[in-house]
Amino acid sequence: MSDQHAADEPTARQVGDFLERRREQIAQRWADATLFRTVFTVSRDEAVEAGRAVVDALSEVARAGRLEDVTATGFDQVRDQLGRMSASLSRTGYSPAHIANEVAGLRRPALELLRGEFTDPSGPEVTESLLALTVLLDTLRLVVMETALSAGEELISRQRQQLLEVATPVIKLWEGTVAVPLIGTLDSARSQVVMESLLEAIVDQRARYAILDITGVSTVDSLVAQHLMKTVAAARLMGAECIVSGIRPAIAQTIVHLGIDLGSVLTRASLADALAYALGQQGIQVTPSADAGVSAR
């Protein structure tokens, strides 16, 4: 530890003691700050309690002499709470920078209370204590920004997963027959969702036939073909026959040009053809009807 840090330790401990003594006053003032008021809109008591928890964390960090350490143990106690607050503010449209500015607003009431602890507000001890508290609150600001960014990344990840699941629905076409209509780009992440969703549907619906319709897939390359092959193989292991439909002429030419072997995969030109095959395998014949167009009997 450097001499400068050693010299700062008594001041840091004094700041920690001050935070413990003035815990209630600081929490009461912070409860009226925008940061807390925006999140805790139902009960002011909740805002005060949250303020107490943050003050306790700051006191512990100060007494440990780790004023500039965002990884200090004391912050662990309130990191989850700060995360919930940051997530709540993010949902209301606050950016991480805006949230950081709200945290900066907590500095003034705390510094005013600390200044009132001294009879001579112009003494060097006052300056050192005010500087130490300012550094500590700036560290809190960094912790909040870090937590807000992490919460934002988690939210984006959850939303992306939800969009993937919505974009790959599994449809029950007939008793024992399910289909997954694929639209857009098929990458590794989405392919995994397709496989998991299809296998779950095979089990839930006790499906004997599963149709992967790629009519809406814009391009097929070797990676997409590999994903399709893996899904077909997984479906077979679950006891279902998998049919790939919607292979347009352009995609067929691309597959041949790339030298991709789909010889072991059952294919049909359209979803209707694939469904007709699955029904036929179950002894159901589909014939044109003068009135309804298509009927099953």
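Cut-off values and rules
- Residues numbered from 1 in each chain as written.
- Predicted model: local features only at pLDDT ≥ 70, side-chain atom pairs only at ≥ 80, totals over all residues.
- Heavy atoms only, no water.
- Axes fitted to C-alpha atoms, helices over the stretch in contact; angles between N-to-C directions.
- Helix = DSSP H or I, 4+ residues; strand = E, 2+ residues; numbered from the N terminus.
- Parallel < 35°, antiparallel > 145°, perpendicular 65-115°, else oblique.
- Left-handed = near helix turned anticlockwise from the far one by under 90°.
- Contact = heavy atoms within 4.5 Å.
- Nonpolar A, V, L, I, M, F, W, Y, C, P; charged D, E, K, R; others polar.
- 1 Å grid on protein atoms, 1.4 Å probe; cavity = no way out; pocket = protein on both sides within 12 Å on 5 of 7 lines; lining within 4 Å.
- Points joined across faces, edges and corners; volume = space filled by probe spheres on them.
- pLDDT = per-residue confidence, 0-100.
- Salt bridge = Lys/Arg side-chain N within 4 Å of Asp/Glu carboxyl O.
- Polar contact = N/O pair within 3.5 Å; in protein donor to acceptor, adjacent residues only side chain to side chain.
- Pairing = 2+ DSSP bridges.
- Phe/Tyr/Trp six-rings, centres within 6.5 Å; stacked < 30°, edge-to-face > 60°.
- Buried < 20%, exposed > 50% of the residue type's maximum accessible area, 1.4 Å probe, protein only.
- Patch = residues over 30% accessible without salt bridge, like charges linked within 9 Å, V, L, I, M, F, W, Y side chains within 5 Å.
- Areas by Shrake-Rupley, 256 points an atom, 1.4 Å probe, with all protein chains shown as cover.
- Lys, Arg positive; Asp, Glu negative; His and termini not counted.
- Charge placed at Lys NZ, Arg CZ, Asp CG, Glu CD.

1. Focus on the packing of helix α2 (residues 23-30) against helix α7 (residues 107-115)
Right, so step 1: It is the contact of α2 with α7, at a shortest axis distance of 9 Å, that shows an interaxial angle of 150 degrees. When the axes of α2 and α7 are compared, the pair comes out roughly antiparallel. For the pair α2 and α7, the sense of crossing is right-handed. Residues Q25, I26, R29 and W30 of α2 lie in contact with α7, whose contacting residues are P109, A110, E112 and L113.
Right, so step 2: Partitioning the contact of α2 with α7 into residue classes produces five nonpolar, one polar and two charged.

2. What to know about empty space enclosed by the protein
Rolled over the atoms, a probe with the dimensions of a water molecule shows which regions are left empty.
Right, so step 1: Taken as a whole, this structure holds one cavity of 30 Å³ or more when the rule is applied.
Right, so step 2: Around the largest cavity, the lining residues are V103, A104, L106, R107, L137, D138, L140 and R141.
Right, so step 3: Only α6 (96-104) and α8 (124-167) provide two or more residues apiece to the lining of the largest cavity.
Right, so step 4: Sorting elements by how many residues they give to the lining of the largest cavity places α8 first, with four residues.
Right, so step 5: Grouping the constituent residues of the lining of the largest cavity by class yields five nonpolar, no polar and three charged.

3. A closer look at the confidence of the model for the protein
Right, so step 1: Per-residue pLDDT for the protein averages 81, and the proportion of residues at 70 or more is 84%.
Right, so step 2: Segment residues 1-7: pLDDT under 50, and two contacts once partners within four positions in sequence are set aside and those in other chains are kept.

4. Structural notes on the pattern of salt bridges
Right, so step 1: What the rule picks out here adds up to 14 salt bridges.
Right, so step 2: The network of salt bridges with common partners includes D17, E20 and R63.

5. Regarding the environment of T71
Right, so step 1: Here T71 is to be found in the loop between α4 (44-63) and α5 (73-91).
Right, so step 2: Spatially, the C-alpha atoms of T71 and T139 are 9.8 Å apart, while their sequence positions differ by 68 residues.
Right, so step 3: When residues no more than four places from it in sequence are discounted, the contact partners of T71 are R66 and R79.
Right, so step 4: A polar contact is formed between the side chain of T71 and the side chain of D69, at a distance of 2.5 Å.

6. Some thoughts on the sheet that holds strand β2 (residues 177-184)
Right, so step 1: With respect to topology, five strands assemble into an open sheet ordered β1-β2-β3-β4-β5, the strand pairing being mixed. Edge strands, defined here as strands with exactly one partner in the open sheet, are β1 (171-174) and β5 (266-268). Looking at each pair of strands side by side, their axes are set apart by 30 degrees on average, direction ignored.
Right, so step 2: Here β1 runs beside β2; their pairing, made up of three bridges, is antiparallel.

7. Some points on the packing of aromatic side chains
One pair of aromatic rings is described through two measures. These are the centre distance and the angle between the planes.
Right, so step 1: All told, the structure shown has one aromatic pair when counted by the stated rule.
Right, so step 2: A ring pair is formed by W30 and F36, whose centres lie 6.4 Å apart and whose planes are at 15 degrees; its orientation type is stacked. One exposure class covers both W30 and F36, and it is buried.

8. A short note on the environment of V170
Right, so step 1: Tracing the backbone through its elements, the reader meets V170 in the loop between α8 and β1.
Right, so step 2: Classification of V170 by relative accessible area gives partly exposed; the value is 30%.
Right, so step 3: The spacing of V170 and P181 is 11 residues in sequence and 7.6 Å in space, taken between C-alpha atoms.

9. Side note on unusual backbone geometry
Right, so step 1: Backbone geometry at R206 places phi at a positive 50 degrees, although glycine is not the residue there.
Right, so step 2: Within the secondary structure layout, R206 lies in the loop between α9 (188-205) and β3 (209-217).

10. Some points on a negative patch on the surface
Right, so step 1: A cluster of acidic residues, D8, E68, E125 and E128, forms a negative patch on the protein surface.
Right, so step 2: Note that E125 resides in helix α8.

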